[in-house]
Amino acid sequence: MTTADWPLWEVFVRSRRGLSHTHAGSLHAPDAEMALRNARDLYTRRGEGVSIWVVPSAAITASSPDEKDPFFEPAADKPYRHPTFYEIPEGVKHL
Amino acid sequence: MTAQPADTRTSLTTVSRETDVPAAAALALGDDALVLSHRLGEWIGHAPVLEEEVALTNIALDLLGQARVLLSMVGDEDELAYLREERAFTNLQLVEQPNGDFAHTIARQLYFSVYQHLLYGQLAAGDGPFAPLAAKAVKETAYHRDHAEQWTLRLGDGTQASHERMQRACEALWRFTGEMFQPVAGLDSVDWTGLEAAWLESLEDVLRRATLTLPEGPRSAPWAAGAGRQGVHTEPFGRMLAEMQHLHRSHPGATW
Amino acid sequence: MATAAAQHTARTPAHDARGGAPDTDAHQRAFDAAIAADERIEPRDWMPDAYRATLIRQIAQHAHSEIIGMQPEANWITRAPSLRRKAILMAKVQDEAGHGLYLYSAAETLGVSRDELLDKLHSGRQKYSSIFNYPTLTWADVGAIGWLVDGAAITNQVPLCRCSYGPYARAMVRICKEESFHQRQGYELLLALSRGTPEQHAMAQDAVNRWWWPSLMMFGPPDDESEHSAQSMAWKIKRHSNDELRQRFVDICVPQAESLGLTLPDPDLKWNEERGHYDFGPIDWDEFWQVIKGNGPCNEQRMAQRRRAHDEGAWVREAAAAYAAKHTHDKEARRG
């Protein structure tokens, strides 16, 4: 990598108050300050955001992609974590 | 065809009398924005990095938006932009200066956006006819100023080569900065002395942080530069207008 | 068999890729099943090398097209005949820069860096859409590009929003959403000219005459001569054949041209009741291949401007990188 190569940043945009930041894409910038500004220009040109996070792509640790991974499979067999698991008599409200 | 610019000037005075907008001030501010927007538009497709294509165009679009509001206060925006002769434009000579390298463009942006931000700050605080526009523009110019300052820091305190280019650019454009503080007729509420002091203070601070030296040459002189507000411009401006106006003038009376 | 692409990804852990291990067959079966089930492939999933290479080639070419495609229209920014048109045109060309950036991002998830892709563009090893090697001779060309070139691009791109590769599909969703105004502004521009003075009308007709056939070529060679098409369709990178999309485009354009009061320069253009489509005349594929080979009117000029912008910007990029190295405390975060 030459000195002129700018690192890659992942951009997360909060589209409006009350929602969480979601991944919008990535961009190149020499440092965090410029990454924020570039993200503003690139990903919120049409007023798509009220708040931006930028994270160096290299700083992200990701889980393994394999779907049969031990990472996610155990969560799939715990239906009692979901409200639809429970039977509620008809007519009972506010549950 | 040749009579058109004169007609435009006449109708513009009439309109301005009817609406109470200080026409000279609207034109001065509008021409600044129009001309700088045009210069920034020349960068499109030539920027040093793709992200900067987007950033420079954002600034150009903000300025064009300001210009359209300001010119429309005086008359028809297109007649004013396309049918006035060079001497009828009252923009600062600073904004018409050619783009040069990226350092020159950033130095021009820095000088102008700090000025514009401070000026619109004052106008927004008042209750004159420009207050509503200034309230919106002050937010835009805050961003333009930030963009210019960020790049001034990076070019000034980047590599030896970028430092030299940035210093050279600051020196080259310095002579055009005194003109910004000539009082503009119709902007009576503006404290021009205070504006100049604040501008200088801000420039000193940014350039120092960028490891650059505040230029020492004259900031305006009758023999040097600084009569844009009186309609006297520099050589490159005529060419710029020729390019900008040629198509519109080639089809008199056409709508686009 | 670590691929070149997989090695690149190792540099960017967020975009990690898995080279083929002993269980390649199992991976291949999982990949095939995902494609068959219309699921999306994501960056860190195993994928066949050829799938990865095809995507890199296609997304890069698409990104390059956006960036080079800025030039013909930017040619008129400083001469736009009204301030309203000038604002619209600047916003549009800016979008193209933005779209190029989205697409380079999507390509980077496949383990290739933007700098490598730009190098390949600058050295002529990767292509951009041939359409941008035609000149914009008059203001009306801005309208013709919006209506016909963007129209053809949209016809091509809408199906790509369902492309099997997740990041490409997502970039295309964003691009298609933003591009909806591009074609409309072009049509509106041409309409104003067509209904304007006789000189303006003639300018509009001349532009349509020059851009019609190159626009039809944008869909690529006929299906029986398209070397990549079949595999790309099987992988669901592509959803419709070149000829299918070309026909769809012609069918859309004919009534639009009538509303514009302009004619399309094809004497063979006529409704075929039996097929339910418009028939159109033969395309000059020799011209197409010549322009691709570099013999178009503007190939040299477009590449020269792109290289010049990049080369003249080198000191700026170096300055910013040097500043970051001096001032970023969190060095760890910067390691790209």
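Below is a summary of the structure that appears in this document. (Residues numbered from 1 in each chain as written. Chains lettered and ligands numbered in written order. Predicted model: local features only at pLDDT ≥ 70, side-chain atom pairs only at ≥ 80, totals over all residues. Heavy atoms only, no water.)

## So, the side chain of B:Thr152
All names here are of chain B.
And then number 1: As for its position among the elements, Thr 152 is in helix α7 (residues 131-156).
And then number 2: Residue Thr 152 is classed as buried on the basis of its relative accessible area, which comes to 0%.
And then number 3: In this structure, Thr 152 is in contact with Ile 106, Leu 110, Asp 157, Met 166, Val 206, Leu 207, Ala 210 and Leu 212, ignoring residues within four places of it in sequence. (Helix = DSSP H or I, 4+ residues; strand = E, 2+ residues; numbered from the N terminus. Buried < 20%, exposed > 50% of the residue type's maximum accessible area, 1.4 Å probe, protein only. Contact = heavy atoms within 4.5 Å.)

## Details of the interface of chain B and chain C
And then number 1: Across the boundary between the two partners, chain B contributes 47 residues, which contact 45 residues of chain C.
And then number 2: Contact with chain C buries area across many residues of chain B, yet B:Ile44, B:Leu50 and B:Trp256 alone supply 19% of it, more than any other trio.
And then number 3: The interface formed by chain B and chain C holds 2 salt bridges in total.
And then number 4: Notably, a salt bridge pairs C:Lys326 with B:Asp157, separated by 3.0 Å at the nearest N-O pair.
And then number 5: Counting every contact that joins chain B to chain C gives 17 residue pairs in polar contact (both at pLDDT 80 or more).
And then number 6: For the side of chain B that touches chain C, the secondary-structure elements that each account for two or more residues are α2 (23-41), α3 (50-74), α4 (77-83), α6 (102-125), α7, α8 (160-174) and α10 (235-250) of chain B.
And then number 7: A class-by-class count of the residues in the side of chain B that touches chain C yields 22 nonpolar, 14 polar and 11 charged. (Buried area = accessible area lost by both parts, 1.4 Å probe. Salt bridge = Lys/Arg side-chain N within 4 Å of Asp/Glu carboxyl O. Polar contact = N/O pair within 3.5 Å; in protein donor to acceptor, adjacent residues only side chain to side chain. Nonpolar A, V, L, I, M, F, W, Y, C, P; charged D, E, K, R; others polar.)

## Details of the pattern of salt bridges
And then number 1: The full count for this structure, using the stated rule, is 33 salt bridges over all chains.
And then number 2: Across the salt bridge formed by B:Glu77 and B:Arg68, the nearest N and O atoms sit 3.1 Å from each other.
And then number 3: In this structure B:Glu77 comes out as buried when scored by relative accessible area, which is 12%.
And then number 4: Classification of B:Arg68 by relative accessible area gives partly exposed; the value is 25%.
And then number 5: When salt bridges with common partners are traced through the structure, they connect A:Arg45, A:Arg46, C:Asp95 and C:Glu178 into a single cluster.

## Description of the side chain of C:Gln247
Residue and element names in this part refer to chain C.
And then number 1: Along the chain, Gln 247 falls in helix α11 (residues 242-260).
And then number 2: Gln 247 gets classed as buried once you look at its relative accessible area, which sits at 10%.
And then number 3: With residues up to four places along the chain from it excluded, the contact list for Gln 247 reads Arg 275, His 277, Tyr 278 and Phe 280.

## Section: the nonpolar core
And then number 1: B:Tyr115, B:Leu155, C:Tyr51, C:Trp139 and C:Tyr165 are the most contacted members of the largest nonpolar core, which totals 195 residues.
And then number 2: Leave out the neighbours within four places in its chain, and C:Tyr165 touches C:Ile41, C:Glu42, C:Pro43, C:Met47, C:Tyr51, C:Leu55, C:Ile59, C:Ala106, C:Thr109 and C:Leu110. (Core = buried A, V, L, I, M, F, W, Y, C linked by side-chain atoms within 4.5 Å.)

## A closer look at α3(B)
And then number 1: Look at α3(B): 37 Å from first C-alpha to last across 25 residues, which is about the 36 Å you get at 1.5 Å a residue.
And then number 2: Here α3(B) lies mainly inside the structure; 20 of its 25 residues are buried. (Expected span 1.5 Å × (residues − 1).)

## Some thoughts on a negative patch on the surface
And then number 1: On the surface, a cluster of negative charge is contributed by C:Asp223, C:Asp224, C:Glu225 and C:Glu244.
And then number 2: On the basis of relative accessibility, which here comes to 40%, the residue C:Glu244 falls in the partly exposed class. (Patch = residues over 30% accessible without salt bridge, like charges linked within 9 Å, V, L, I, M, F, W, Y side chains within 5 Å. Areas by Shrake-Rupley, 256 points an atom, 1.4 Å probe, with all protein chains shown as cover. Lys, Arg positive; Asp, Glu negative; His and termini not counted. Charge placed at Lys NZ, Arg CZ, Asp CG, Glu CD.)

## Focus on the sheet that holds strand β3 (residues 51-56) of chain A
All names here are of chain A.
And then number 1: Pairing is antiparallel in the open sheet, where 3 strands are placed in the order β2-β1-β3. Where the open sheet ends on each side, the last strands, each with one partner, are β2 (22-28) and β3. Averaged over all adjacent pairs, the angle separating strand axes in this sheet is 30 degrees, with direction ignored.
And then number 2: Sheet topology places strand β1 (residues 8-14) next to β2; 6 bridges connect them, and they run antiparallel. Bridge pairing links Val 13 to Thr 22 in β2. (Pairing = 2+ DSSP bridges. Axes fitted to C-alpha atoms, helices over the stretch in contact; angles between N-to-C directions.)

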